[in-house]
Amino acid sequence: MEARKTNGVDLQNRTDLDDERLRAMCAAAVRSWRTGQLKVCVRYSRGADFSGSCYYNEGRIFVNLGRHLQFPYRMGTHIARAVTGRDGWWKPIYTVDLANGYQVVLFVFLHECFHWLVKRARRNPRQKESMCDRFATRLLVDGYGVTVRDPDSRPVPREAWDFQDVEGFISVLRRKRPAALSPARAARVPCPPPRQQQLLLFDL
């Protein structure tokens, strides 16, 4: 499909998700940040539920979405605090309930975009997976009201995972005057009727 540039994000969509809605959501999500020219390709995975990758030298992000996903989809994250025991430390897997394919794509895009912003801010890009997940989770919680759950499926209080100033880590790239359009408003861009054999991923 045709690639179009929106707010510094040149997005190419190769899935059945609506182009305009997807572009609007991704653009609104990073509206407060100086991303530079960033190329994003959204496509179907070869079998995995989802995956993403960021190529710093090319300024390119790939987001891969599983065709087989059923919704709501419970995505595992690395946002929990580390737990220390006699045998070392580990992190419980907290999950986020994502309502549709748009939210899965947005989460992966934001995770990879944080990698990109860390690199652009000239910070150390190593071992930032938890920060990337927190960056994405914060927007999904604030913009779409998603629920964070512990391994026993119980809702998790925000202070249990949102304890890191991830935005402050890349504050040098923050725009002085963030635009007012929220991600949730962007998600309400009208969509055409579903095409034949199109994934039913439109219910927010």
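This report concerns the structure included in the present document. (Residues numbered from 1 in each chain as written. Predicted model: local features only at pLDDT ≥ 70, side-chain atom pairs only at ≥ 80, totals over all residues. Heavy atoms only, no water.)

1. Regarding the nonpolar core
It is characteristic of soluble globular proteins that their nonpolar side chains tend to be buried jointly.
Turning to step 1, where the next piece is worked out: Counting residues in each nonpolar core, the largest one holds 56 residues, and the members touching the most others are Leu106, Phe109, Leu110, Phe114, Leu140 and Ile170.
Turning to step 2, where the next piece is worked out: By residue number, the principal contributor to this core is helix 2 (residues 101-120), which donates 13 residues.
Turning to step 3, where the next piece is worked out: In this view, Ile170 contacts Trp33, Phe114, Leu117, Val118, Ala121 and Phe135; residues no more than four positions away in its chain are not counted. (Core = buried A, V, L, I, M, F, W, Y, C linked by side-chain atoms within 4.5 Å. Buried < 20%, exposed > 50% of the residue type's maximum accessible area, 1.4 Å probe, protein only. Helix = DSSP H or I, 4+ residues; strand = E, 2+ residues; numbered from the N terminus. Contact = heavy atoms within 4.5 Å.)

2. Quick word on the packing of aromatic side chains
Where two aromatic rings form a pair, the distance of their centres and the angle of their planes describe that pair.
Turning to step 1, where the next piece is worked out: In the structure shown here, the tally under the stated rule is four aromatic pairs.
Turning to step 2, where the next piece is worked out: Taking 6.3 Å as the distance between ring centres and 80° as the angle between the ring planes, the aromatic pair formed by Phe50 and Tyr73 counts as edge-to-face. Taken together, the residues Phe50 in strand 4 (residues 50-55) and Tyr73 in strand 6 (residues 73-77) connect sequence positions 23 residues apart.
Turning to step 3, where the next piece is worked out: Its relative accessible area of 13% is what places Tyr73 among the buried residues.
Turning to step 4, where the next piece is worked out: Both rings, one in Phe114 and one in Phe135, keep their centres 4.9 Å apart while their planes meet at 40°; by these two values the pair is tilted. A residue pair is termed long-range when its members are at least 10 positions apart, and Phe114 in helix 2 and Phe135 in helix 3 (residues 129-144) qualify at 21 residues. (Phe/Tyr/Trp six-rings, centres within 6.5 Å; stacked < 30°, edge-to-face > 60°.)

3. What to know about helix 1 (residues 19-29)
Turning to step 1, where the next piece is worked out: The buried fraction of helix 1 amounts to ten of the eleven residues, a majority that puts the element mostly inside the structure.
Turning to step 2, where the next piece is worked out: Of all the residues in helix 1, the buried ones are Asp19, Arg21, Leu22, Arg23, Ala24, Met25, Cys26, Ala27, Ala28 and Ala29.
Turning to step 3, where the next piece is worked out: With a side-chain oxygen positioned 3.4 Å from the backbone nitrogen of Glu20, the residue opening helix 1 is Asp18. (Polar contact = N/O pair within 3.5 Å; in protein donor to acceptor, adjacent residues only side chain to side chain.)

4. Here we look at the environment of Pro155
Turning to step 1, where the next piece is worked out: In this structure, Pro155 sits in the loop between strand 10 (148-149) and helix 4 (166-169).
Turning to step 2, where the next piece is worked out: Look at Pro155 and you get exposed, because its relative accessible area is 59%.
Turning to step 3, where the next piece is worked out: Residues Pro155 and Val96, spaced 59 residues apart in sequence, show a C-alpha to C-alpha distance of 9.6 Å.
Turning to step 4, where the next piece is worked out: If we skip the residues at most four places from it in the chain, Pro155 touches Thr147, Val148 and Arg149.

5. Remarks on the environment of Val30
Turning to step 1, where the next piece is worked out: Inspection of the secondary structure assignment puts Val30 in the loop between helix 1 and strand 3 (38-44).
Turning to step 2, where the next piece is worked out: Under the relative-accessibility criterion, Val30 is labelled buried at 0%.
Turning to step 3, where the next piece is worked out: As for Val30 and Phe114, which are separated by 84 residues in sequence, their C-alpha atoms are 9.7 Å apart.

6. Topic: the pattern of salt bridges
Turning to step 1, where the next piece is worked out: Enumeration over the complete set of coordinates arrives at ten salt bridges.
Turning to step 2, where the next piece is worked out: Notably, a salt bridge pairs Glu20 with Arg23, separated by 3.3 Å at the nearest N-O pair. Of this pair, Glu20 and Arg23 both sit in helix 1, three residues apart, which is roughly one turn of that helix.
Turning to step 3, where the next piece is worked out: For Glu20, a relative accessible area of 34% translates into the label partly exposed.
Turning to step 4, where the next piece is worked out: With a shortest N-O distance of 3.4 Å, Asp162 and Arg138 are connected by a salt bridge. Within this pair, whereas Asp162 is found in the loop between strand 10 and helix 4, its partner Arg138 is found in helix 3, the two being separated by 24 residues in sequence.
Turning to step 5, where the next piece is worked out: Beyond isolated ion pairs, a larger network of salt bridges with shared partners links Arg138, Asp142, Arg158, Asp162 and Glu167. (Salt bridge = Lys/Arg side-chain N within 4 Å of Asp/Glu carboxyl O.)

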